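In case you want the letters, here they are:
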Amino acid sequence: MAAVSLDHGLILAAILFVIGFVGLLTRRNLIVALACIEIMLNAAGLAFVVAGARWGSADGQVMFLFVLAMAAAEVAVGLALAIRFRQSLGRLDVDDADEMKG
Amino acid sequence: MLQLLWIVPALPAAGFVVLLLLNRHLSRRATALIGAGSVGLSAVVAILIAVSFITSPPPGDAYRQVLWTWFDTGGLAPQIAFYLDAMSVVFMVVITFVGFLIHLYSTEFMERDEGFTRFFMYMNLFVASMLVLVLADNLLLLYLGWEGVGMCSYLLIAFWQKDVQNVYCGRKAFIVTRVGDTALIVGLFLLFTQLHTLEIQPLMAGAAKNWAAGSGVAVAAAALLLGGAVGKSAQLPLQTWLPDAMAGPTPVSALIHAATMVTAGVYLIARTNVLFTLAPDVRLAVAIIGTVTLLYACFSALAQHDIKRVLAYSTMSQIGYMFLALGVAGWSAAIFHFMTHAFFKALLFLAAGVVIEALGGEHDIFKMGGLRRKLPTAFWAFIIGAASLSALPLITDGFYSKDLIIETSLGAVDGNAWLWLGALAGSLLTSIYAFRLVFVVFFGEQQTPVTLHPRWRMKLPLVVLSVLSVVGGFVWLPGWMGGFHPFETFLDTALPVTQTVAGSFAYTGVAALLTSLIAVVGVALATVWLVESRAALARFAARPTPHDVQTFWLNGWGFDWLYEHVFVIPVKWFARVARGDLVEPAFSGIAWLNLQAWRALSASQNGQLRVYIGVAGVGLAVIVAFVVLR
């Protein structure tokens, strides 16, 4: 099986990251926003793995495990926030959360 | 015993600090105990010190206690030091003792007031400041006390601050006395630049050694100190604040605006008597100011119908007598009159306070009347006070001191017949207005029902002060009565002896008979004027448009009007005009710039999460691009 080249892997990671970022900017649903953050995190994780493979080091895969753990924690907190958000505002529109504006 | 001197001012100061810190946590009882108790203890210590000072005088008849050096800069190293001589003994004892009686009275007088703790806090601070003033060893410490009492005076005049009028009265007192205070501090600058010290005794010795009598610098220094004294003691032309100072609670008027603070000017002049001896012209000015003020205040008092304003003008006029005595070098006579005046004027104010409380805050004497039977304590106290104020012969303390001043105004080397005549005329007018007050308030028909009777804490001070107002004068009897004068002998250790013209008419029994007669005639005239013609009284009270002269006197000879037009209105006009000068746009420009910046930055904080993320993303991209492409 031919190894995936570093360039291809990084380009894919960048595309994933931009997709997540654009989604975060354009979608107002909180759940979708959380999903977009997941995509961006995975883009970062992919970059780690690809880089690790390029230099033959296990560090990249270890870092990916950390990213996974962090993503799990983030989802737990994020979903709890979403529930509270929904309970207090009745909707899941992030634009509703603008009470702190100066 | 003398080593305990520092405790005398320290006790009321400690009372102030405790009341300040524990303000809201104290019950009224505890507040009263701390407020009056600290001054009472201070009075006990002061009396013990006085006894020890008299029985075993320290070397040089003066005791100096240095506590610490205040600061040391540019050749000026004033010390926190107290100086006790015969004069400060008299002032210290009178301040603490009369102060204690008034504090005791206040514990009942103010008991229903909201600001009970605040009141005692200010009163304690006042007593401490006043003691610092009279015990100070250098003029700078004296000035500290001087400003301290001025501030307490302001705070206490405006004590009932919910009525804005009272606040204006306090402000007026503060600003008018400030004019005099400025003269005083300039005088201190002058003395320091010329003689390089502010310690009173070396300063006086230096002045006597280096300055010729009548030299310009001596005259200037004395005149500037006189300016300060005139402001504090409410003499012409800075007298306008004192009648308005009556807006404060009555015990305040008794303590600050009758017995103690307003006599600070007398103390200052007597303390720096060397300077005034070196400047005969200024001393003549002191005598003239005193005489004119005492006559001015007598006429004004005749037309007042607020009980406290009558007493305010009478205070002004009695301090005029003290100034007259100082002006003719009767230093001890002025201090003697200070003491007797403290007794009988505090008595009059406290008795007036009883009347005002009993009638539910009524100040107008024409709404009083007939209180003789209803308030016997106040009545007898008032009679004794008024008799003393009028200097009725032999049985009042006011007679001995005022008679002495009248004698001195003619018999001293610097005295003359004009001053004497002025003093005599003042004496006549004094007894007229004093007994007019007695007759209108306590005789005739009752107008307002009595709702409150004084209890022991208000009665006891009246009794004690009544006794003192009778016997207080027996410490210095005139020459024709046998010449028993321990008070004079005592004060002579601290003050120069008055030079008198040998064999002057003033010191004979005939002159004394004349002064006595004048006082009695005054009382008789008041009787004729008011008691025997009730109809006239009714007309007098009911006249819809009072007589022009009466209005003129009622308003204090139009001084307020004059100052309003000469000073207040031009200053306000100038302030309005000067608003648009160059400095103003510079400062408002800075404010405008800040406002715009706030608007712009505030708009960026719109609370939109997605905008924040977008901005953060763009920022990150810019930073990464910068790092990578550099």
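The rules behind each value
Residues numbered from 1 in each chain as written. Chains lettered and ligands numbered in written order. Predicted model: local features only at pLDDT ≥ 70, side-chain atom pairs only at ≥ 80, totals over all residues. Heavy atoms only, no water. Helix = DSSP H or I, 4+ residues; strand = E, 2+ residues; numbered from the N terminus. Expected span 1.5 Å × (residues − 1). Buried < 20%, exposed > 50% of the residue type's maximum accessible area, 1.4 Å probe, protein only. Contact = heavy atoms within 4.5 Å. Core = buried A, V, L, I, M, F, W, Y, C linked by side-chain atoms within 4.5 Å. Buried area = accessible area lost by both parts, 1.4 Å probe. Salt bridge = Lys/Arg side-chain N within 4 Å of Asp/Glu carboxyl O. Phe/Tyr/Trp six-rings, centres within 6.5 Å; stacked < 30°, edge-to-face > 60°. Lys NZ or Arg CZ within 6 Å of the ring centre and 35° of its normal.

1. Examining helix α3 (residues 59–89) of chain A
All names here are of chain A. With 31 residues, α3 extends 43 Å between its outermost C-alpha atoms, agreeing within 8% with the 45 Å of an ideal straight helix rising 1.5 Å per residue. Along α3, the positions that sit buried rather than exposed are Gly60, Val67, Ala71, Glu74, Gly78, Ala82 and Phe85. Contacts from the buried residues of α3 go to α2 (30–55). Positive phi appears at Gly90, one or two residues downstream of α3, with a value of about 85°.

2. Some details on the nonpolar core
Nonpolar side chains in soluble globular proteins generally cluster together in the buried interior. Residue and element names in this part refer to chain B. Ranked by internal contacts, the top residues of the largest apolar core, which has 207 residues, are Leu84, Phe276 and Phe435. With 21 residues, helix α15 (residues 331–358) is the largest single contributor of residues to this core. Setting aside residues no more than four positions away along its own chain, Phe435 makes contact with Ala386, Ala387, Ser390, Leu392, Val523 and Ala526.

3. Let's talk about the interface of chain B and chain A
Between chain B and chain A, the residue contacts involve ten residues of the former and twelve residues of the latter. Each partner contributes to the roughly 950 Å² buried at the junction of chain B and chain A, and carbon and sulfur atoms together form 54% of this total. Of all residues in chain B, B:Gln608, B:Arg610 and B:Ile613 bury the most surface against chain A, accounting for 53% of the area lost on that side. Linking chain B with chain A are one salt bridge, by the criterion used here. Across the pair A:Asp95 and B:Arg610 runs a salt bridge, and its minimum N-O distance is 2.8 Å.

4. Description of the packing of aromatic side chains
The final tally for this structure, using the stated rule, is 23 aromatic pairs over all chains. Centre to centre, the rings of B:Phe399 and B:Tyr400 are 5.2 Å apart; their planes meet at 75°, and the pair counts as edge-to-face. Within the aromatic cluster, the residues linked to one another by ring pairs are B:Phe116, B:Phe119, B:Phe120, B:Phe159 and B:Trp160. Over the face of the ring belonging to A:Trp55 we find A:Arg54, whose NZ or CZ atom lies 5.4 Å from the ring centre. Positioned over the ring face of B:Phe159 is B:Arg118, at 4.3 Å from the centre of the ring.

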